[in-house]
Amino acid sequence: MTDQFQLTDDQLAIQDMARKFTADRITPFAAEWDEKHHYPVDVWKAAGELGFGAIYVAEESGGIGLGRLEAALIMEAMAYGCPATSAYVSIHNMATWMIDRFGGAEIKARFLPELVSMEKIASYCLTEPGSGSDAAALKTTARRDGDHYVLNGTKQFISGAGTNDIYVCMVRTGEEKSKGISCLVVEKDTPGLSFGAPEKKLGWNASPTAQVVFEDCRVPVENRVGAEGDGFRFAMAGLDGGRLNIGACSLGGAQRCLDEAIAYTKDRQQFGQPISDFQNTQFMLADMATDLEAARALLYLAAAKVTANAPDKSRFSAMAKRLATDSGSKIVNDALQLFGGYGYLKDYPIERFWRDLRVHSILEGTNQVMRMIVGRDLLRQ
C-alpha cells in the first residue's frame, strides 16, 4: 500500500492528541452539557492551549499553520465526545482564519492574539431570518458615517451569540447582490449590538444559538476585513473549510455510535445468545462501517484538495459534506435501532448523537445546496 493513503506520523500525532484531549475533557461531561445546556468555555481555553483555536491560521499570526486534513482529524476526534462542542471549535476556526487570511496587518494584530489562544471566542454571522441558502440576499446594512459604519439588521441561528466576544459579520455596504457585501469584525460590548433569547433546539444544546441584532450599531471602519465589497467572496472561501469540518464532526459522531453499537450487541442477550451472533446484526454493522469508511475517504481527499487549492476543491468539499452528513445520520439511526428501546433513553449516548448530527445536513449549506454546487460544476466542464 502506498503512503498516499496513509496518515503521516505528524497527522497521527495530532489525531492522538485530539483523541486524548476528548477522552479527558469532553466525553465524560458531554451528556451533562447537553442536559444542562452548558457552554463549556473552560474547555475551549484548554483546547486553545493546544492550538485548536487556530488550526489553519498561519504560524506568523500565532496559529499552528496546519492543513485542512489535520483540521478534519481534530474535529472528527472531538466529535467522538460531543459533536456540538467540536462544531463550535470549527466555527471559531473559520472566523479566526477569515481575519488571518483576508485582514490587513493592523486588524490581525488587534484581534488574532486573543482569538488564536481562545481567550476570546468568535462567532460567524452570515445567515439572516430572510436569507438562508440564498446568502447573497442578506439585508443587514452598514452605512458609512465618517470613520464608522452604522449597522442595522438581524442575523439568525448564530452559534455562541450573546456569550462570545467577537462577531465576524457579513453586511451590506452596497446595492449589488453579492458584490455589495463586506466583512466587519464587531466586538461584543459595541453599543447598538444586542442578542435574542437563546433558541430552544432539538440538539446542539452544548452550544447556545441566538439572533444577533444591530440597531444603529457603530463599528469603526478599521474593523473591516479586506476591501469593501469583498465579503461574500470571503464567506464562500470560508465555507469550503467549514463544510469539511462539519462533515468530519459527522464522521466522529458516527464512529462513536458504531463503536457503542458493536459493544452493546456483543453484550445484549436475546433468544439465548448475544444479538451480535445474528446475521442481521452483523450485516447492519458491516453496512454502517462500510458507509463510514467511504465517507471518511472522500472527506480526507476533499480536505487535501482544499489545502492544495485544487481547482475542483469546492465540488469535492460539497460532495464530502453531503455524503458524510447523510451517512453519519443514517449510521447513528441504525445504531439506535440496534440498541432497541435502550437507544431511545438518555441513559445511553446514542439519542444525543442522533439529535446533534441531524442539523449537520442543514448548516454550512444544506445538502440540497451541496447537490446544486456539484451539479453546476459538472455541467460547467
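Nothing here was measured: the structure is a model prediction, and the numbers come from that model.

1. Concerning the overall build of the protein
Line of reasoning, step 1. Scanning the protein from N- to C-terminus turns up 11 helices and 10 strands.
Line of reasoning, step 2. Looking at the protein as a whole, 54% of its 381 residues are labelled buried.
Line of reasoning, step 3. In the protein, once contacts between residues fewer than 6 apart in sequence are set aside, the share between residues at least 24 apart is 74%.
Line of reasoning, step 4. Of the accessible surface of the protein, which amounts to about 16,800 Å², a share of 52% is contributed by carbon and sulfur atoms.
Line of reasoning, step 5. Mean positive and mean negative side-chain charge positions of the protein (41 and 49 charges, respectively) differ by 5 Å.

2. Points about the packing of helix 9 (residues 313-339) against helix 10 (residues 350-358)
Line of reasoning, step 1. Look at helix 9 against helix 10: their axes get within 9 Å of each other, and the N-to-C directions meet at 160 degrees. Here helix 9 is positioned roughly antiparallel relative to helix 10, judged by the angle of their axes. Remark: the crossing between helix 9 and helix 10 carries left-handed chirality. Note on element contacts: helix 10 touches helix 9 through Ile350, Glu351, Phe353, Trp354, Leu357 and Arg358, opposite Gly328, Ser329, Val332, Asn333, Ala335, Leu336 and Phe339.
Line of reasoning, step 2. In terms of residue class, the contact of helix 9 with helix 10 is built from eight nonpolar, three polar and two charged.

3. What to know about the packing of aromatic side chains
What characterises a pair of aromatic rings is the spacing of the ring centres plus the angle enclosed by the ring planes.
Line of reasoning, step 1. Counted under the stated rule, the structure contains 14 aromatic pairs.
Line of reasoning, step 2. For the ring pair Tyr167 and Phe195, a centre distance of 5.2 Å and an interplane angle of 40 degrees mean the geometry is tilted. Placement of Tyr167 in strand 4 (residues 166-172) and of Phe195 in strand 6 (residues 193-195) is noted, with a sequence separation of 28 residues between them.
Line of reasoning, step 3. Phe195 sits in the partly exposed class, given a relative accessible area of 25%.
Line of reasoning, step 4. Plain terms: the ring middles of Phe271 and Phe278 are 6.2 Å apart, the flat faces sit at 90 degrees to each other, and that makes the pair edge-to-face.
Line of reasoning, step 5. By the ring-pair criterion, three or more aromatic residues cluster together here, those being Tyr56, Trp97, Phe102 and Phe234.
Line of reasoning, step 6. In this arrangement the basic side chain of Arg68 is found over the ring face of Tyr56, its NZ or CZ atom lying 3.6 Å from the centre.
Line of reasoning, step 7. When the ring centre of Trp97 is taken as reference, the NZ or CZ atom of Arg68 above it lies at 5.0 Å.

4. Notes on the pattern of salt bridges
Line of reasoning, step 1. In the structure shown here, the tally under the stated rule is 21 salt bridges.
Line of reasoning, step 2. Residue Asp145 pairs with Arg218 through a salt bridge whose shortest N-O separation is 2.9 Å. One end of the pair, Asp145, is in strand 2 (residues 141-145); the other, Arg218, is in strand 7 (residues 209-220), with 73 residues separating them in the sequence.
Line of reasoning, step 3. A relative accessible area of 37% places Arg218 in the partly exposed class.
Line of reasoning, step 4. In this structure, the salt-bridge partner of Glu260 is Arg256, at a minimum N-O distance of 2.8 Å. One end of the pair, Glu260, and the other, Arg256, are both in helix 7 (residues 231-267), four residues apart, so they sit about a helical turn from each other.

5. Examining the environment of Ala79
Line of reasoning, step 1. Structurally, the position occupied by Ala79 is in helix 4 (residues 68-79).
Line of reasoning, step 2. Owing to a relative accessible area of 0%, Ala79 belongs among the buried residues under this scheme.
Line of reasoning, step 3. Distance in space between the C-alpha atoms of Ala79 and Gln255 is 9.2 Å, their sequence separation being 176 residues.
Line of reasoning, step 4. Ala79 has contacts with Ser86, Cys249, Gly252, Gly253 and Phe353, leaving out every residue within four places of it along the chain.

6. Examining the pairing of strand 7
Line of reasoning, step 1. Bridge analysis of strand 3 (residues 148-159) against strand 7 gives nine bridges, and the strand direction is antiparallel. Considered in strand 7, the bridge of His148 is made with Pro220.
Line of reasoning, step 2. Pairing analysis gives three bridges linking strand 6 to strand 7, with the strands arranged antiparallel. Looking across to strand 7, one finds that Leu193 is bridged to Phe214.

7. Regarding unusual backbone geometry
Line of reasoning, step 1. A positive phi angle, close to 55 degrees, is found at His37, a residue other than glycine.
Line of reasoning, step 2. Here His37 lies in the loop between helix 2 (30-36) and helix 3 (41-49).

8. Some details on the environment of Ser131
Line of reasoning, step 1. Looking at where Ser131 falls in the secondary structure, it is placed in the loop between strand 1 (122-125) and strand 2.
Line of reasoning, step 2. Each C-alpha atom, one on Ser131 and one on Leu258, is 36 Å from the other, the two residues being 127 residues apart in sequence.
Line of reasoning, step 3. The contacts of Ser131, once residues within four sequence positions are left out, are Ala137 and Leu138.

What counts and how
Residues numbered from 1 in each chain as written. Predicted model: local features only at pLDDT ≥ 70, side-chain atom pairs only at ≥ 80, totals over all residues. Heavy atoms only, no water. Helix = DSSP H or I, 4+ residues; strand = E, 2+ residues; numbered from the N terminus. Buried < 20%, exposed > 50% of the residue type's maximum accessible area, 1.4 Å probe, protein only. Contact = heavy atoms within 4.5 Å. Areas by Shrake-Rupley, 256 points an atom, 1.4 Å probe, with all protein chains shown as cover. Lys, Arg positive; Asp, Glu negative; His and termini not counted. Charge placed at Lys NZ, Arg CZ, Asp CG, Glu CD. Axes fitted to C-alpha atoms, helices over the stretch in contact; angles between N-to-C directions. Parallel < 35°, antiparallel > 145°, perpendicular 65-115°, else oblique. Left-handed = near helix turned anticlockwise from the far one by under 90°. Nonpolar A, V, L, I, M, F, W, Y, C, P; charged D, E, K, R; others polar. Phe/Tyr/Trp six-rings, centres within 6.5 Å; stacked < 30°, edge-to-face > 60°. Lys NZ or Arg CZ within 6 Å of the ring centre and 35° of its normal. Salt bridge = Lys/Arg side-chain N within 4 Å of Asp/Glu carboxyl O. Pairing = 2+ DSSP bridges.

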